[in-house]
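# Chains, contacts and geometry: an overview
Each chain, written out:
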Amino acid sequence: MNAKISHTFGQRIGNGGSVAGSLQVRTGPGVVRSLRFYNGTGGDVYLQIFDTATTPAVASVPDVLIGLIPNDTAYETDTPLSVTDGCFVAASDTPFTYTANAGNVAISAEIQ
């Protein structure tokens, strides 16, 4: 995990596009200030967010379903998201439950 600390904006973290389909953004309560996601899997995936400090079990229902992200497409938001337990961001093969996608995605986030 690459980390960069900024006293003004919080902590930026990311997976550098080499982790298969997911990133544990937070492991406790806090705010995800921004999120950036790039799908380089070779197919379409569903972007899901879970309020959890660990990897969710297969078939878990996401707390937030961003939606379908086509291959070679980026998604980003600067809308803050408060989490209670943590934040796990994942590319899933299915929309309404978590099915891990083993393809390469780039995920970065700014947390507070």
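That block above? That's the structure.
Here's a quick rundown of the structure. Predicted, not measured: the structure shown is a model, and the values here were computed from it.

What follows is about the environment of G30. Summarising the element assignment, G30 is placed in strand β4 (residues 30-39). The spacing of G30 and Q112 is 82 residues in sequence and 6.1 Å in space, taken between C-alpha atoms. Apart from the residues lying within four places of it in its own chain, the contact partners of G30 are L81, S82, V83 and Q112.

A separate point is the nonpolar core. Counting 17 residues, the largest nonpolar core has V25, V32, L35, F37, C87, V89 and I107 as its most contacted members. Of all elements in the fold, only β3 (22-26), β4, β5 (45-50), β9 (87-92) and β10 (105-111) reach the threshold of two or more residues within this core. Residue contributions to this core peak at 4 residues, all from β10.

Turning our attention to the packing of aromatic side chains. On inspection of all chains with the given rule, the structure shows 3 aromatic pairs. Seen in terms of ring centroids, F88 and Y98 are 6.1 Å apart; in terms of plane orientation they differ by 80°. Their pairing is edge-to-face. Within this pair, whereas F88 is found in strand β9, its partner Y98 is found in the loop between β9 and β10, the two being separated by 10 residues in sequence. Y98 matches F88 in its accessibility class, with the two residues each being buried. Through pairs of rings, three or more aromatic residues link up here, namely F50, F88 and Y98.

Moving on: the pairing of β4. In this sheet, strand β8 (residues 81-83) lies alongside β4 in antiparallel orientation, the contact comprising 3 bridges. Along β8, the bridge assignment pairs V32 with L81. Relative to β10, β4 runs antiparallel, the two sharing 7 bridges. In the strand pairing of β10, V32 is matched with I111. Strand direction decides the pairing type here: β4 and strand β7 (residues 73-77), joined by 5 bridges, are antiparallel. Directly across from R36, in β7, lies its bridge partner E76.

What counts and how
Residues numbered from 1 in each chain as written. Predicted model: local features only at pLDDT ≥ 70, side-chain atom pairs only at ≥ 80, totals over all residues. Heavy atoms only, no water. Helix = DSSP H or I, 4+ residues; strand = E, 2+ residues; numbered from the N terminus. Contact = heavy atoms within 4.5 Å. Core = buried A, V, L, I, M, F, W, Y, C linked by side-chain atoms within 4.5 Å. Buried < 20%, exposed > 50% of the residue type's maximum accessible area, 1.4 Å probe, protein only. Phe/Tyr/Trp six-rings, centres within 6.5 Å; stacked < 30°, edge-to-face > 60°. Pairing = 2+ DSSP bridges.

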